Amino acid sequence: MNRPRSGIFALGVCLSCLLVAGRVPTAEQSAEESAGQAAEPQITFKTGVDLIRFDVRVTDSAGRPITDLRPDEIVISESGTVMPTLLFQRVTEPSDTYVEAARRAVTAEVSSNEAFPRGHLYILVFDQQHITAGNEQRARIAAEQFIRTRVRPSDRVAVYAVPGPGPQLGFTADRARAIAELSSIRGSYQRVVTTPFGRLGLYEAHRIVEGDEKLIVDTLERLTVEGSADLLGLAAAAGNTGRGGGVGTAEDGAMVRRLLVENARVVVQQSDAESRQFLQRLADVITALGDLEGRKSVVLFSEGFFQDNLSRELETVAAAAAQTYSVFYSFDLNARTAPITQAYVQTTSMASEIQARIAPLGTLAVETDGLLVLDAASRTTDALNQIADQAQDYYLVGFAPSAEATVRRGEYRRVSIRVTRPGARVSARTGYALRPDVTELDRRRAISSVLGAPFVQQGLKVDYTTYVMRADQPGQHRVVLSLAADLPLRAAAGDYADVVFVARDVRDGRVVASGSDTISLPAEARSGSPLGTGAWRIQFNVPAGTYLMRTVVREPGGLVGSADRRLEILPLDGQGVNVSDLVLGSASASLPVQAKAYTEDGLTGLIETYARTAAQLSTLSVRVELRAASDDHVVTSTVADLHDPQALDTGIIRRAPFSMPLASVAPGAYVARAVVRAGGEVVAERTRHLDIVEGLSPARVETPAIAPYEIIRGVVARRYLSSLQTAAAGTPWADAAAKAVAQQWELVEVSIGAPPVDAAVAQALRGLALFAREDFAGAADALDRAFTADSADALTAFFLGWAQEFAGQTRAALSGWRAAAHLDPTLVPAHLALAEGYVKLGEPALAAQALRAGLVALPNSPELLARLEALIK
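Residues numbered from 1 in each chain as written. Predicted model: local features only at pLDDT ≥ 70, side-chain atom pairs only at ≥ 80, totals over all residues. Heavy atoms only, no water.

Colleague: Can you explain the sheet that holds strand β5 (residues 111–112)? Please cite residues and give values.
Modeller: Strands belonging to one sheet form pairs held by backbone hydrogen bonds; the direction of such a pair is parallel or antiparallel. As summarised here, the arrangement of the four strands in space is β5-β19-β20-β23, forming an open sheet in which the pairing is antiparallel. The two strands at the open ends of the sheet, each matched to only one other strand, are β5 and β23 (532–542). Sheet analysis places β5 next to strand β19 (residues 462–470), joined by two bridges and oriented antiparallel. Residue pairing in the sheet places S111 in a bridge with Y464 of β19. (Pairing = 2+ DSSP bridges. Helix = DSSP H or I, 4+ residues; strand = E, 2+ residues; numbered from the N terminus.)

Colleague: Could you give an account of the packing of aromatic side chains, with specific residues and numbers?
Modeller: Going through the model one piece at a time under the given rule, you end up with 17 aromatic pairs. When the ring of F126 is compared with that of F301, the centres are 4.6 Å apart and the planes differ by 15°; the resulting orientation is stacked. With a gap of 175 residues between them, F126 in strand β6 (residues 121–127) and F301 in strand β11 (residues 296–302) connect regions that are remote in the sequence. Taken individually, F126 and F301 each receive the classification buried, so the pair is uniform in this respect. Relative to F306, the ring of Y203 lies with its centre 5.7 Å away and its plane at 15°, an arrangement referred to as stacked. Of this pair, Y203 sits in helix α4 (residues 202–210) while F306 sits in the loop between β11 and α8 (311–324), and the two are 103 residues apart along the sequence. In this structure F306 comes out as buried when scored by relative accessible area, which is 3%. The side chain of R429 reaches across the aromatic face of F54, ending 4.0 Å from its centre. In this structure, R688 is placed above the aromatic ring of Y467, and the distance from its NZ or CZ to the ring centre is 4.1 Å. (Phe/Tyr/Trp six-rings, centres within 6.5 Å; stacked < 30°, edge-to-face > 60°. Buried < 20%, exposed > 50% of the residue type's maximum accessible area, 1.4 Å probe, protein only. Lys NZ or Arg CZ within 6 Å of the ring centre and 35° of its normal.)

Colleague: Would you mind going over the side chain of T650 in detail, with residue names and values included?
Modeller: As for its position among the elements, T650 is in the loop between β32 (646–648) and β33 (651–660). The exposure class assigned to T650 is buried, which follows from its relative accessible area of 18%. Filtering out sequence-adjacent residues up to four positions away, T650 remains in contact with R470, A471, D472, Q473 and P474. (Contact = heavy atoms within 4.5 Å.)

Colleague: If you had to explain the nonpolar core to someone new, which residues and values would you point to?
Modeller: Among the nonpolar cores identified, the biggest contains 62 residues, and L765, F798 and F799 are the most heavily contacted of them. Non-local contacts of F799, meaning those with residues more than four positions away in its chain, are made with I711, V716, A717, Y720, L768 and L783. The next biggest cluster of nonpolar side chains, apart from the first, holds 44 residues, and it includes V91, V462, V512 and M549. (Core = buried A, V, L, I, M, F, W, Y, C linked by side-chain atoms within 4.5 Å.)

Colleague: Let's hear about the pairing of strand β30 (residues 620–628): which residues, and what values?
Modeller: When you tally the buried positions in β30, you get seven out of nine residues, the bulk of the element. The pairing of β30 with strand β34 (residues 668–678) spans nine bridges and is classified as antiparallel. Across the sheet, L620 pairs through a bridge with A678, a residue of β34. Where β30 meets strand β31 (residues 634–639), five bridges bridge the pair, whose relative direction is antiparallel.

Colleague: Outline α8, supporting the account with residue identities and numerical values.
Modeller: Here α8 is 14 residues long and its end C-alpha atoms lie 20 Å apart, about the 20 Å a rise of 1.5 Å per residue gives. By the criterion of burial, α8 is predominantly enclosed, with ten of the 14 residues buried. Just beyond α8, the residue with positive phi is Y325, at close to 60°. (Expected span 1.5 Å × (residues − 1).)

Colleague: Before we move on, can you summarise helix α21 (residues 828–840) with the specific residues and values?
Modeller: Along an α-helix, a turn takes 3.6 residues, which lines up residues three or four apart on a common side. For α21, spanning 13 residues, the distance from its first C-alpha to its last is 18 Å, which sits close to the expected 18 Å at 1.5 Å a residue. Counting buried residues along α21, twelve of its 13 residues qualify, which places the element largely inside the surrounding structure. All of the buried residues along α21 are V828, P829, A830, H831, L832, A833, L834, A835, E836, G837, Y838 and V839. Its buried side turned inward, α21 meets α14 (715–728), α19 (794–806), α20 (810–823), α22 (844–857) and α23 (862–872).

Colleague: Can you lay out the pattern of salt bridges for me, pointing to particular residues and giving the numbers?
Modeller: Applying the stated criterion across every chain, the model contains 39 salt bridges. One salt bridge connects R413 with E411, and the closest N-O pair in it is separated by 3.1 Å. You can call E411 partly exposed: its relative accessible area is 28%. Here R718 and D517 are joined by a salt bridge, their closest N and O atoms 3.3 Å apart. You can see R718 sitting in helix α14 and its partner D517 sitting in strand β22 (residues 511–520), a full 201 residues away along the chain. Given the relative accessible area of 34%, R718 is considered partly exposed. Accessibility expressed as a relative area gives 8% for D517, which makes it buried. The network of salt bridges with common partners includes D68, R70, D72, E73 and R421. (Salt bridge = Lys/Arg side-chain N within 4 Å of Asp/Glu carboxyl O.)

Colleague: Could you give me a rundown of the pairing of β22, with the residues and numbers involved?
Modeller: As defined by bridge partners, strand β21 (residues 496–505) adjoins β22 across nine bridges and the pair is classed as antiparallel. Opposite D498, over in β22, you have T518 as the bridge partner. Taken together, β21 and the strand that follows it, β22, pair antiparallel across an intervening segment of five residues, in which G509 is found at a positive phi of about 75°.

Colleague: If you had to explain the packing of α14 against helix α17 (residues 760–772) to someone new, which residues and values would you point to?
Modeller: Describing two packed helices takes the angle between their axes plus the distance from one axis to the other. At a closest axis distance of 10 Å, the pairing of α14 and α17 adopts a crossing angle of 145°. For the element pair α14 and α17, the recorded crossing hand is left-handed. Contacts between α14 and α17 pair Y720, L721, L724, A727 and A728 from the former with V761, A764, L765 and L768 from the latter. Its residues placed into classes, the contact of α14 with α17 shows nine nonpolar, no polar and no charged. (Axes fitted to C-alpha atoms, helices over the stretch in contact; angles between N-to-C directions. Left-handed = near helix turned anticlockwise from the far one by under 90°. Nonpolar A, V, L, I, M, F, W, Y, C, P; charged D, E, K, R; others polar.)

Colleague: Which residues make up the packing of α21 against α22, and what values do they have?
Modeller: Contact geometry of α21 with α22 gives a least axis separation of 8 Å together with a crossing angle of 170°. As the angle between them shows, α21 and α22 are arranged roughly antiparallel. Contact residues: H831, L832, L834, A835, Y838 and V839 in α21; L846, A847, A850, L851, A853 and G854 in α22. The class makeup of the residues in the contact of α21 with α22 is ten nonpolar, two polar and no charged. (Parallel < 35°, antiparallel > 145°, perpendicular 65-115°, else oblique.)

Colleague: Outline the sheet that holds strand β12 (residues 326–332), supporting the account with residue identities and numerical values.
Modeller: Spatial strand order, β8-β7-β6-β11-β12-β13: six strands in an open sheet with mixed pairing. Here the strands that pair on one side only, and so sit at the sheet edges, are β8 (168–172) and β13 (371–373). Neighbour-to-neighbour, the strand axes of this sheet turn through a mean angle of 15°, independent of strand direction. As defined by bridge partners, β12 adjoins β13 across three bridges and the pair is classed as parallel. What sits directly across from S330, in β13, is L372.

Following this line, the structure appears as structure tokens:
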């Protein structure tokens, strides 16, 4: 990934990238709305807790969706115990076309997976083993028509024939390919089999095994009349030789009856084995497609089978459906009349057989909140259209499983769901089953699957935006990605979510930037929500062009959210005056996803202009207007301060910070518009949306709180560990270094033991291990020994400073950070930490001096510039 060498992003938190004096809120301080709330206990969702999600449809007495349901109106019970609701989202389809909604979602100022349209996921399963040859033709034709006319660009369809041979096509948007696969579907079901007794129907065999005496007698009579079996010979072969009188004797009759039952049992066993094979394969298909988030419509074409001995297998399929959010629409393909070519006439009635055969199809439909389409062969097209016409308007409801369910994972557990609103009707599946514990391989596979998924995932709410400025390298542009995600609360210090992003050139799909990192889970929930907010920022450089980005966030329990964004980056090194994006800040944060300013704090911001000569920027003026989002009228405005032009390797830059009082502005939604003029002519306009809130930001303090685990897991720490691992190769400390890279700190201490005082690598590893378990005094001692042994290592000095800071030795920490900044002037976190240390000691002039020293090495660093701007305001 194209990462910065250092910066606020390298620590995983924004140390000082503020546009006014203030603090970047960590997740635990982010809920300003919660101040003054009543002390009523709030339900929260912590990581490490499995989250069970149900698709719940709620309608009124006329069948219309209820769109304003509240979380407290849904009651979920398991074995009589009410389960608290931890997740509540409404899922709807966009009112306009998929293309329009998708274009708007990826080009919006803030990209959100909630704004992205969702299509249907269809899984067409043809139960070839239980479809009579020829009966599949009408279903195949209807499926082709359905795919051709009703599967939209936003939808994905999978086609499977079970068992093979036949289609095994996963989710695709290629309708032509899906249609082509249908031609290979062939039914192979035989309702009647040949036994030593003669021809025996499968339904007859099941009834005989169940002990239907009348059917046994009728079957023996039929077989005798048909002459299809020598019943006396069979009895003799079974041991009743030497006795006359024919079959009619009592002993011969009993023997023949027993042989008939034994033959029927063999038939049933074979039939059950085939049905078990089908059900297991069906569960495998659904599970394999489960990594793709969203409700899946499983259209099962079958004539059914007998479920007498298959309750466990049916529960396995129901559990797989529950784990993958699949709903069964079972299409009964049974013919209601016998074909004229059928010579064999069963003793049992066709109606009773069909009823028995479709029972498991109905079971799957009921358990998953689906539908059984009876006599579908005559109305397949209408039934498929009914499924396609179903509006995606439902609620996604999540709750924690029972303690017993966590012990007996994979077991299907039934729940009841009701709505307290009078007249409301609710439909949902009947139960859930926990997946096996997630492994590291599962985590990586899930993230890879989401990166390649056809559309975004909405298990977690993900919002992000980008800021584009000119980079230090010619022809490059710095893109700052700022993200916020709904996340469960951390159960312990160090709990984190995974975050991954990929940016591709739209012309050829080439990856131009990518990377993975972690987001510290929040400690506190937002007011009125069981979830908290996690924030993340990263920067990367790309040339001018058009790019499509996907960012994925996955919390430890497996919930995933992703969002797409289209980036149009225009050249900022052209011949005329070029302008960066507008960056807004307030007392709550800078480079925010959605800016929020408080009336007593005011609004600050920054815009950069670029040119090839200073003369081109000599006549600049920048006016910033605050416009109401509702009607676009100007509420207030200000003129930005223009700094002197500055020469860089890539040309001339002139910065224009501004500060806007908000005391007289009413709270609400606004748009900040910066109008840049050169020589009186407008050369650019830049806008950003923001919310204005009454009062003073509760986060207005000087220094942000940083947890030790955020530092030890950050990008700078990973860079330090990589260098230590390289240095440890071939030494006794190699194993400890590998364990440190894997964050197995307790094993690092064991592996290191008591290293020599002058062993720099070993002492550094020991110091980091002590830092990880928050023995800061011990960590400072070990890192000090490491730095004494190797006084040229800037990163050792940097982490020594942090160990001393957390040990309460701020002035000693300044020495460590000062040494780190001197040894590596491009180490932005060292300059920022040094400045914050001076601010903490009440020496802002020295803090500004430290930032200016950093700007000598990195004159275009937005982090250092923003913090300096905030400091001298």
